[in-house]
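Examination of the molecular architecture
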Amino acid sequence: MSTFLNETMVALGTQRSVIRELFEYGKQQAAKIGAENVFDFSIGNPSVPSPAIVNETALEFIANTDPVLLHGYTSAQGDVNVRLTLAESVNKRFHTSYCADNFYMTTGAAGALCCCLNGLCNPGDEVIIFAPYFPEYVVFTQGAHAKPVIVPADTQAFQIDFAAFEKALSPATKAVIVNSPNNPSGAVYSESTIQKLAEILDAKSKEYQHPIFVIADEPYREIVFSGTTVPFLPHYYKNTLVCYSWSKSLSLPGERMGYVLVPDAVDDFSLTYAAIAGAGRSLGYVNAPSLFQRVCAACADVTSDLSIYETNKNLLLDGLRSMGYHVVEPGGTFYMFPRTLEEDDVAFAERAKAKNLLIVPGCGFGCPGHVRISYCVPTERIKKALPFFEELAKEYR
């Protein structure tokens, strides 16, 4: 390897994630044997279209806004009217009193996470990540020159293993990433889980004499199933930064639109907000996409037809359980995380792959012995795939 390049970056650029590798393999297989014969459950790409109002709103802006303004730079933190509209939407929904200056517009939730991590962390700081977790959390944390500390999964319910969590805390802990609804398990942290998390962090912040931040990654906030409620974390813990994206709620993953919400209650609000803005500057983000800042703000109170995901969840859950798979029922998202029928989840996923069932080994999410099934696909694809899941199960009987 060339010694004059950043070897970490070369490795990241030459090795796709397991999810992306499977996704690319699925496209190749589809070209060979037909897309209808490949059951690709690898990637979280929404299968339901954006609501019509999204395109209508975009066209209206294009038709009726000065193009120099529409396609020009916005303020680095985002257009002020966009941020004001978002504040009004969030206030109405969560009974808060935020203003435009509590919001920092970003290139999706990934951009929001990177701004938070780079704004908060100094070299040597630690960031706690609960397994199972989105694999890029580790990449983003290391990119901020901090150390990821993984808390093993509670595989019975996919809540938080608090005994393991308390062992993971240290004076070097700067932040805890909370992803609820969770990718890959679909779990939603209960109110009692959030309350206990807040109590522990309050106590440890006092003990260590510095704030420990919660970074709430919430791109799946709207995708929850009947009977499930997602607690709004700033109501429970003051040092919470909320990272949001419209990628899933409005089916806009490619438009890369999100925000960081910095509540007034966080310690040193002005400096914390400035650190997040400074991280965006340092990372070269300049400003979030101008047109879709406006579109997403105008559509902030609508969603795609998310009910399809609950239909898919019920169909897949009932089918897998009837075949003998152990599955913790998801409370939200469009992911399911069943136990594998052998200890080696990579080997299990390979056996599935031989049947053109593309599912992601759980070890990549810090939770071996499971696989992630992304069911944001047409319902018919799940119906056609179920017999192949049954064939796979029979091989282990």
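Residues numbered from 1 in each chain as written. Predicted model: local features only at pLDDT ≥ 70, side-chain atom pairs only at ≥ 80, totals over all residues. Heavy atoms only, no water.

Quick word on the overall build of the chain
Our working definition: Helix and strand definitions here come from DSSP, where helices need a minimum of 4 consecutive H or I residues and strands a minimum of 2 consecutive E residues; each element is numbered from the N-terminal end. When we talk radius of gyration, it's over C-alpha atoms, and the globule rule is simply 2.2 Å times the number of residues to the 0.38. The contact definition used throughout considers only heavy atoms, calling two residues in contact when any of these lie within 4.5 Å.
Across its full length, the chain carries 14 helices and twelve strands. The C-alpha radius of gyration of the chain comes to 21 Å, within 12% of the 21 Å expected for a compact globule of 397 residues. Each principal axis of the C-alpha atoms in the chain carries an extent, and together these give about 60 × 55 × 55 Å. In the chain, 75% of the contacts between residues at least 6 apart in sequence involve partners at least 24 apart.

A few points about helix 12 (residues 307–322)
Worth spelling out the cut-off: Expected span of a helix, by definition, is 1.5 Å for each gap between consecutive residues, and there is one gap fewer than residues. The buried label goes to any residue with under 20% of its type's maximum accessible area, the exposed label to any with over 50%, and the partly exposed label to all in between, with areas taken from a 1.4 Å probe on protein chains only.
In this model helix 12 runs 23 Å from its N-terminal to its C-terminal C-alpha over 16 residues, within 8% of the 22 Å that 1.5 Å per residue would give. What helix 12 keeps buried is the set Tyr309, Asn312, Lys313, Leu316, Leu317, Gly319 and Leu320. Packing partners of the buried residues in helix 12 comprise strand 9 (335–336), strand 12 (371–374) and helix 14 (379–394). Gly324 sits one or two positions beyond helix 12 and adopts a positive phi of about 105°.

Focus: helix 9 (residues 191–208)
Along its 18 residues, helix 9 runs 26 Å from first to last C-alpha, staying within 8% of the 26 Å computed at 1.5 Å per residue. All buried positions along helix 9 are accounted for by Thr193, Ile194, Leu197, Ala198, Ile200, Leu201, Lys204, Ser205 and Tyr208. Where helix 9 is buried, its residues touch strand 3 (126–130), helix 8 (162–168), strand 5 (173–178) and strand 6 (213–217). Of the residues trailing helix 9, Gln209 is marked for its positive phi of about 60°.

Focus on the sheet that holds strand 9
Going by this rule: Pairing between strands requires that DSSP locate at least two bridges from one strand to the other.
The strand order across the open sheet built from three strands is 9-12-11, with neighbouring strands paired in antiparallel fashion. The two strands at the open ends of the sheet, each matched to only one other strand, are strand 9 and strand 11 (360–361). Summarising the sheet, strand 9 and strand 12 pair through two bridges and their orientation is antiparallel. Its bridge partner being in strand 12, Tyr335 is matched across the sheet by Ser374.

So, the side chain of Ser89
On the secondary structure map, Ser89 appears in helix 5 (residues 80–94). In contact with Ser89, other than residues within four places in its own chain, are Ala300 and Asp301.

Details of the packing of aromatic side chains
Selection criterion: A pair of Phe, Tyr and Trp rings is counted when the ring centres sit within 6.5 Å of each other, with Trp represented by its six-membered ring. The angle between the planes then sorts it: under 30 degrees is stacked, over 60 is edge-to-face, the rest tilted.
Applying the stated criterion across every chain, the model contains 21 aromatic pairs. Residues Tyr104 and Tyr273 carry aromatic rings whose centres are separated by 6.3 Å and whose planes lie at 80° to one another, so their mutual orientation is edge-to-face. With Tyr104 in strand 2 (residues 103–106) and Tyr273 in helix 10 (residues 269–282), the pair connects residues that are 169 residues apart, well separated along the chain. Grouping residues by exposure puts Tyr104 and Tyr273 together as buried. Pairing Tyr244 with Trp246 gives two aromatic rings, centres 5.6 Å apart and planes at 90°, and the pair type is edge-to-face. As far as burial versus exposure is concerned, Tyr244 and Trp246 are alike and both buried. The rings of Tyr98, Phe103, Tyr244, Trp246 and Tyr259 are connected pair by pair, giving a single aromatic cluster.

Concerning the nonpolar core
Selection rule: Put simply, a nonpolar core is a bunch of buried Ala, Val, Leu, Ile, Met, Phe, Trp, Tyr and Cys residues held in one set by side-chain atoms that sit within 4.5 Å of each other.
One finds Ile215, Leu241 and Ile276 to be the most contacted residues of the largest nonpolar core, which totals 43 residues. Elements supplying a minimum of two residues to this core: helix 2 (18–33), helix 6 (108–120), strand 3, helix 7 (136–143), strand 5, strand 6, strand 7 (240–245) and helix 10. A total of seven residues in this core trace back to one element, the largest contributor, which is helix 6. Residues in contact with Ile276, not counting those within four places in the same chain, are Tyr104, Cys115, Cys116, Gly119, Leu241, Val260 and Val262. Ile223, Phe334, Ile373 and Ala393 belong to the second largest nonpolar core, which has 33 residues in total.

A look at the pattern of salt bridges
What counts is decided by this rule: Put simply, a salt bridge is a Lys or Arg side-chain nitrogen that is within 4 Å of an Asp or Glu carboxyl oxygen.
Tallying each qualifying case throughout the model produces 14 salt bridges. Two residues, Arg221 and Glu222, come together in a salt bridge whose shortest N-O distance is 4.0 Å. With respect to burial, Arg221 and Glu222 carry one shared label: buried. Taken together, the salt bridges that share partners define one network made up of Arg93, Glu218, Arg221 and Glu222.

Points about the pairing of strand 7
For a regular strand, side-chain orientation follows a simple rule: the groups alternate between the two sheet faces. The element strand 7 is largely enclosed, with a buried count of six among its six residues. Covered by surrounding structure in strand 7 are Thr240, Val242 and Tyr244 together with Leu241, Cys243 and Ser245, the residues of both alternating faces. Where strand 6 and strand 7 come together, four bridges link them in parallel fashion. Pairing of Ala216 across the sheet is with Val242, part of strand 7. Strand direction decides the pairing type here: strand 7 and strand 8 (residues 258–261), joined by four bridges, are antiparallel. Within strand 8, the position partnered with Val242 by the bridge is Leu261.

Everything listed is a geometric property; what it means functionally is a separate question.
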